[in-house]
Amino acid sequence: MKHYLQFKDLRADEYAYLFERADFIKRKFKAVEKYQPFADPDRTLAMIFEKASTRTRVSFEAGMYQMGGSVVHLTTGDSQLGRSEPIEDTARVISRMVDLVMIRTFEQSKIERFAAHSRVPVINGLTNEFHPCQILADLFTWLEHRGRRSDGTLDPGALRGITVAWVGDGNNMANTWLQAAQILGFRVHISTPRGYEVDPAVAGVPRGDFWQVFDDPMEACRGADLVTTDVWTSMGYEAENEARQKAFAAWRVTPAMMAQAKPEALFMHCLPAHRGEEVDAEVIDGPQSVVWDEAENRMHVQKALMEYLLLGRL
Ligand code: CP
Ligand code: NVA
């Protein structure tokens, strides 16, 4: 049994397989053809949200139903988690009744404790430290736009050697980009304000030549194939919002910053976005932005991931 708690839980060959499956599954969806590997026997996904969500909830829930399965949705407030039932006991109980669990929570240690007591695979739907499903979707999106072979199939090898510029907070998304770079062989240029740097110990990556830190976000974007950012204040850090608004003022992705990147560079943002804060409207609503594809692709890649965790390679 495999869990997906952080990006480095899978190998490069497993990612190549997932991109190929996501492409197949997306084609079925676009052709309005049924694809229901979870219909018989019926498979159930439990989703536990301790933080808000739009994309993660809809993509997992719609994806599971489309594949013929069922979904149970819990939040802290409407479950016994909100009344201090231990996460270990919650894991023991829920995993006796469902086939798969997705959790969005605060500390990574909490999802790890859940997984340690679960009988079924557990997927990280975002923690303070990581957001692996989002990076899975982002990489698939990059391959769709820039990594197709002449016969139309995706070439996961096209990710090798590209440069991703990360502008903003050294947060769960930044940590996950670093893990992905190490596994899939690309480079990350990171620029964060002082005090908001990535901690390699938290990110779970060595200091290495695959990532480089820049004081100036403009410099980080120079020659990049992809420029990406995220909110200045992640969920759970709201008390720091005022200080963050001041500290991050120069870390807004502007048209001038995009002009430093390659002319064919893409812009990504996991969403939700704040136009005029971490990104200008001209960028996120401009021709280089692929944010709506990123959001849609959450569903296609997660279908491939759920299929792999439950049924293995097909
Ligand atoms: N990107 C993302 O995870 O969005 P939600 O918070 O809406 O799920
Ligand atoms: N870094 C953001 C991502 C939201 C999808 C957060 O954790 O709130």
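Residues numbered from 1 in each chain as written. Chains lettered and ligands numbered in written order. Predicted model: local features only at pLDDT ≥ 70, side-chain atom pairs only at ≥ 80, totals over all residues.

An unreviewed UniProt entry annotates the protein chain as Ornithine carbamoyltransferase originating from Tepidimonas fonticaldi. If you open the UniProt record of the protein chain and go to Sequence similarities (unreviewed entry), you find "Belongs to the aspartate/ornithine carbamoyltransferase superfamily. OTCase family." (UniProt positions renumbered as here; feature names shortened; annotations may be inferred.)

Participant: How would you sum up the packing of helix α3 (residues 87–94) against helix α4 (residues 108–116)? Please name residues and give values.
Facilitator: Following both chains from N to C, one finds α3 and α4 inclined at 45 degrees, their axes separated by 8 Å at the closest point. With respect to their mutual orientation, α3 and α4 come out oblique. Helix-helix and strand crossings are classified by hand; for α3 and α4 the assignment is right-handed. Of the residues in α4, those touching α3 at Ile87, Glu88, Thr90 and Ala91 are Lys110, Arg113 and Phe114. Class assignment for the residues of the contact of α3 with α4 results in three nonpolar, one polar and three charged. (Axes fitted to C-alpha atoms, helices over the stretch in contact; angles between N-to-C directions. Helix = DSSP H or I, 4+ residues; strand = E, 2+ residues; numbered from the N terminus. Parallel < 35°, antiparallel > 145°, perpendicular 65-115°, else oblique. Left-handed = near helix turned anticlockwise from the far one by under 90°. Contact = placed C-beta atoms within 7 Å. Nonpolar A, V, L, I, M, F, W, Y, C, P; charged D, E, K, R; others polar.)

Participant: If you had to explain the site of ligand 2 to someone new, which residues and values would you point to?
Facilitator: Every residue near ligand 2 is listed here: Leu126, Asn171, Asn172, Met173, Asp230, Val231, Ser234, Met235 and Cys270. For the shell around ligand 2, a count of residues per class yields five nonpolar, three polar and one charged. (Near = placed C-beta within 6 Å.)

Participant: Please provide a residue-by-residue account of the sheet that holds strand β5 (residues 163–167), values included.
Facilitator: What the five strands build is an open sheet, ordered β7-β6-β5-β8-β9; its pairing is parallel. Of all the strands in the sheet, just β7 (211–213) and β9 (266–269) have a single pairing partner and so form its edges. Recorded for the sheet is a direction-independent mean angle of 20 degrees between the axes of neighbouring strands. Where β5 and strand β6 (residues 187–191) come together, five bridges link them in parallel fashion. When the sheet's bridge partners are listed, Trp166 is paired in β6 with Ile190. (Pairing = 2+ DSSP bridges.)

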